[in-house]
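Reading the structure
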Amino acid sequence: MSKIGRNDPCPCGSGKKYKQCCFHRATSAAATPDAEMLWRAGNAHLAGGALDMALSCYREAVRLRPGFAQAHYNLGVVFQQKGLLDEAAASFRSAISFNRDYAKAYNNLGYILATQGRLDESADCFNRAIAIEPGFAAAYHNLGTTLRHQGRLDETLAAFRTAHAINPHDPVFHSDLLMMLHYSDMDDETLFREHVRWGEQHAPAAASVPTHQCDRDPGRKLRIGYVSGDFGKHPVGYFLLPFLENHDRSQFEICCYSERGQRQEDDVTARIKGHADLWRRTIGLGDAAVAEMIRADGIDILVDLAGHTAHNRLRVFALKPAPVQVTWLGYPNTTGLRAMDYRITDAVADPPGSADALHTEQLIRLEQGFLCYTPPAGAPPVGEAPCLAGAGVTFGSFNNLAKVSPQVIDAWSAILGRVPGSRLMLKFKGFADETCRRRVSDAFGARGVSPDRLELVSFVENFNDHLALYNRLDLALDTFPYNGTATTCDALWMGVPVLTCCGTRHVARVGASILTSLGLPELITHSPEEYISAAAALAADPARLAALRRDMRPRLAASPLCDPTGFARRMETALRDIWRRWCSA
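Not measured: the values here are computed from a predicted model.

**Some remarks on the sheet that holds strand 4 (residues 301-304)**
On the basis of which strands lie adjacent, the open sheet formed by 7 strands has the order 3-2-1-4-5-6-7 and parallel pairing. Two strands in the sheet have a free side with no partner beyond their single neighbour: strand 3 (278-281) and strand 7 (362-365). Along the sheet, successive strands turn relative to each other by an average axial angle of 25 degrees, direction set aside. Where helix 23 (residues 564-584) meets the sheet, its contacts fall on strand 1 (222-228), strand 2 (252-258), strand 4, strand 5 (324-328), strand 6 (342-345) and strand 7, and the angle it forms with strand 5 comes to roughly 150 degrees.

Here it is in structure tokens:
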């Protein structure tokens, strides 16, 4: 590790040169106290966000005292915050080598290993941290996240429930538990009550609603605030962008409140930012500070794009910084907040009557769907149906493995049993992990499916190469009870018909919403048995699969899903209507 130069600023933060300050104490016989002092100075710099100064302090501390486990740990934290994951992992391992019972170091090392796709090693680290410190809620939470990436749903839920039980006051632990419950067979009413409980516990309605000074002119130009941590290469960013590109700027001013760190910003972020009249980075700011910022910006309608997903700011919405508050796009259910006025959806994804009673918000149903899809630029051409080559039908799914429930594996195994010579191709980034691959193969094997009928594909770096893999599928099989969304749209654009199984709540009805927009009700089933039979019937009719494939891209291009101008007008009409309601209240 590099030493601090004699003429460098002293890492203790005094403002003096190192040679005029701590150098003499650091080179004296009493080295141990100086390592401690440097560590404490590093902590102060780290707390203040001065990462380079903190790095210098911790490096000098471990040079003076190589066995200083806490300094190695904090050095790893700095590397982690700077995005230097290999260096961070090495520092956490050093901390562990000097303190075998360092639970926090195991936890942070596990987090990095998960980021690098080394899921089994990651889970081992979290389990070690829990063994050392059984009440370590964050380790349980991180373990659950890793298990989710491996498709181990029951274990994921158990880990998230434990994290929430240990620390019931952490809104993030509770939100992630809510998100995972959508993958389970929990009934709709119980799931609704869980969301209401989150709102009551973490974001209770304010004792008094703040007075908003907005001009109650129903026809004036409106300031719309969009709040998200996903302004970038993320399904929310992709679905939001065509709307922003077609927003009527003569009637609406666009203000974005971003929870995306500067290092995570990308070319999609830049495109979104280019359509914003006002861009605020809110990451690291407290709820009250963000609420005051929004209030000072004079936002008329504040739109949540996250729900209970990562980096949400629902507790800002609980402070009611805008007179009208709406949730849309990022989450498939109610927020549970009484301060959230509306949720934007459609009549297929959330049918009138049954869905209304399961929301704290009033539902606004857009005609022709709640999504707007932009076909990826440079997508490969649609290939011919592979089954026409006589090699058998290839089914497939490129959905997140967490959506591949036991019921889905049952259904897919039954389909393979009904269609001799057929194969199933699954693509998921976690398949880079051999244990993950083996677990999925074993699950199908237990249902009588030979491994040679499965093809498990991991992450593909180039997106167009990812899209080209769809040309190897004859029929995409949607997951249930949690349907695909962006993956479904991508499959359709690549000409692949998607067969869905429609359920009772939004996550189980998005596939039906998309296919309804395309005028393809024959690809919507309503039970696992119907789903299995429909897949087998399509597989037995190669001419039908080929005809669907030839027509699919032009059909999607001509559908409301790919009409950003029409979608923008429908969304703006909904925003204007709810504004008028507030003005007349």
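Structure shown, so let's carry the discussion forward.
**Considering the environment of Ala476**
Note on placement: Ala476 falls in strand 11 (residues 475-477). Judged by relative accessible area, Ala476 falls into the buried class, the value being 8%. Counting along the chain gives 381 residues from Ala476 to Ala95, while the straight-line C-alpha distance between them is 47 Å. Sequence-distant contacts of Ala476, that is, excluding residues within four places in its chain, are made with Gly396, Ala491, Val496, Pro497, Val498 and Leu499.

**Brief notes about the UniProt feature "domain: O-GlcNAc transferase C-terminal" (unreviewed entry) in the protein chain**
Look at the UniProt record and you will see "domain: O-GlcNAc transferase C-terminal" (unreviewed entry) annotated at residues 218-370 and 392-568. The span residues 218-370 shows a helical share of 22% and a strand share of 23%, and its end C-alpha atoms are spaced 24 Å apart. End-to-end, the C-alpha atoms of residues 392-568 are 43 Å apart, and along that stretch the chain is 45% helix and 12% strand.

**So, empty space enclosed by the protein**
Scanning all chains against the criterion turns up 2 cavities of 30 Å³ or more. At 3 residues, helix 19 (residues 486-493) tops the list of elements feeding residues into the lining of the largest cavity. Across the lining of the largest cavity, the residue classes break down as 6 nonpolar, 5 polar and 1 charged. Estimated volume of the second largest cavity: approximately 40 Å³. Here the residues of the lining of the second largest cavity sort into 6 nonpolar, 2 polar and 1 charged.

**Some points on unusual backbone geometry**
Cis rather than trans, the peptide bond between Phe480 and Pro481 has omega equal to 10 degrees. Relative to the assigned elements, Pro481 resides in the loop between strand 11 and helix 19. Phi at His311 takes a positive value of approximately 65 degrees, unusual for a residue other than glycine. By the element assignment, His311 lies in the loop between strand 4 and helix 15 (314-317). Phi at Leu329 takes a positive value of approximately 85 degrees, unusual for a residue other than glycine. Among the secondary structure elements, Leu329 is positioned in the loop between strand 5 and strand 6. Taking the relative accessible area as the measure of exposure, Leu329 reaches 15% and is therefore buried.

**As for the pattern of salt bridges**
Applying the stated criterion across every chain, the model contains 33 salt bridges. Across the pair Arg220 and Asp300 runs a salt bridge whose closest N-O atoms are separated by 2.7 Å. One end of the pair, Arg220, is in the loop between helix 11 (188-202) and strand 1; the other, Asp300, is in the loop between helix 14 (287-296) and strand 4, with 80 residues separating them in the sequence. The class of Asp300 is buried, set by a relative accessible area of 1%.

**Focus on helix 9 (residues 153-166)**
The terminal C-alpha atoms of helix 9 lie 20 Å apart, and with 14 residues this matches the ideal 20 Å at 1.5 Å per residue to within 8%. Its buried side turned inward, helix 9 meets helix 8 (137-149), helix 10 (171-181) and helix 11.

**Section: the packing of helix 8 against helix 10**
Helix-helix packing: each pair is described by the crossing angle between the helix axes and the interaxial distance. Running from N to C, helix 8 and helix 10 point in directions that differ by 25 degrees, and their axes come no closer than 11 Å. Relative to helix 10, helix 8 is oriented roughly parallel. In the crossing of helix 8 with helix 10, the sense of the turn from one axis to the other is left-handed. When helix 8 is examined against helix 10, the residues Ala137, Ala138, His141 and Arg148 are found in contact with a partner set consisting of Val172, Phe173, Asp176 and Met180. Along the lines of polarity and charge, the residues of the contact of helix 8 with helix 10 split into 5 nonpolar, 1 polar and 2 charged.

**Observations concerning the nonpolar core**
Core analysis: the biggest nonpolar cluster contains 111 residues, and Tyr226, Ile301, Trp328, Phe395, Trp412 and Leu477 have the highest contact counts within it. A total of 9 residues in this core trace back to one element, the largest contributor, which is helix 23. Composition of this core by domain shows at least three residues from each of domain 2 (222-372 + 566-584) and domain 3 (386-562). In this structure, Trp328 is in contact with Leu240, Phe243, Val303, Asp304, Leu305, Ile344, Phe370, Phe567 and Met571, ignoring residues within four places of it in sequence.

**Quick look at the UniProt feature "repeat: TPR" (unreviewed entry) in the protein chain**
Here the UniProt feature "repeat: TPR" (unreviewed entry) sits at residues 35-68, 69-102, 103-136 and 137-170. When the span residues 35-68 is considered, its composition is 79% helix and 0% strand, and the gap between its end C-alpha atoms is 8 Å. In residues 137-170, the share of helix is 79% and the share of strand is 0%. The end C-alpha atoms are 10 Å apart.

**Some words on the sheet that holds strand 12 (residues 498-501)**
The strand order across the open sheet formed by 6 strands is 10-9-8-11-12-13, and the pairing between neighbours is parallel. Each end of this open sheet is capped by a strand with a single partner; those strands are strand 10 (454-457) and strand 13 (524-525). Against the sheet, helix 20 (residues 510-517) engages strand 12 and strand 13, with an angle of about 135 degrees to strand 12.

**Concerning the packing of helix 8 against helix 9**
Two elements in contact, helix 8 and helix 9, have axes whose closest approach is 8 Å; the angle formed by their N-to-C orientations is 160 degrees. For the element pair helix 8 / helix 9, the angle class is roughly antiparallel. The two elements helix 8 and helix 9 cross, and the hand of that crossing is left-handed. Counting all contacts with helix 8, which are made through Ala137, Tyr140, His141, Gly144, Thr145, Leu147 and Arg148, the residues of helix 9 involved are Glu155, Thr156, Ala159, Phe160, Thr162, Ala163 and Ile166. Class assignment for the residues of the contact of helix 8 with helix 9 results in 7 nonpolar, 5 polar and 2 charged.

What counts as what
Residues numbered from 1 in each chain as written. Predicted model: local features only at pLDDT ≥ 70, side-chain atom pairs only at ≥ 80, totals over all residues. Heavy atoms only, no water. Pairing = 2+ DSSP bridges. Helix = DSSP H or I, 4+ residues; strand = E, 2+ residues; numbered from the N terminus. Axes fitted to C-alpha atoms, helices over the stretch in contact; angles between N-to-C directions. Contact = heavy atoms within 4.5 Å. Buried < 20%, exposed > 50% of the residue type's maximum accessible area, 1.4 Å probe, protein only. UniProt positions renumbered as here; feature names shortened; annotations may be inferred. 1 Å grid on protein atoms, 1.4 Å probe; cavity = no way out; pocket = protein on both sides within 12 Å on 5 of 7 lines; lining within 4 Å. Points joined across faces, edges and corners; volume = space filled by probe spheres on them. Nonpolar A, V, L, I, M, F, W, Y, C, P; charged D, E, K, R; others polar. Salt bridge = Lys/Arg side-chain N within 4 Å of Asp/Glu carboxyl O. Expected span 1.5 Å × (residues − 1). Parallel < 35°, antiparallel > 145°, perpendicular 65-115°, else oblique. Left-handed = near helix turned anticlockwise from the far one by under 90°. Core = buried A, V, L, I, M, F, W, Y, C linked by side-chain atoms within 4.5 Å. Domains from an automatic or database assignment.

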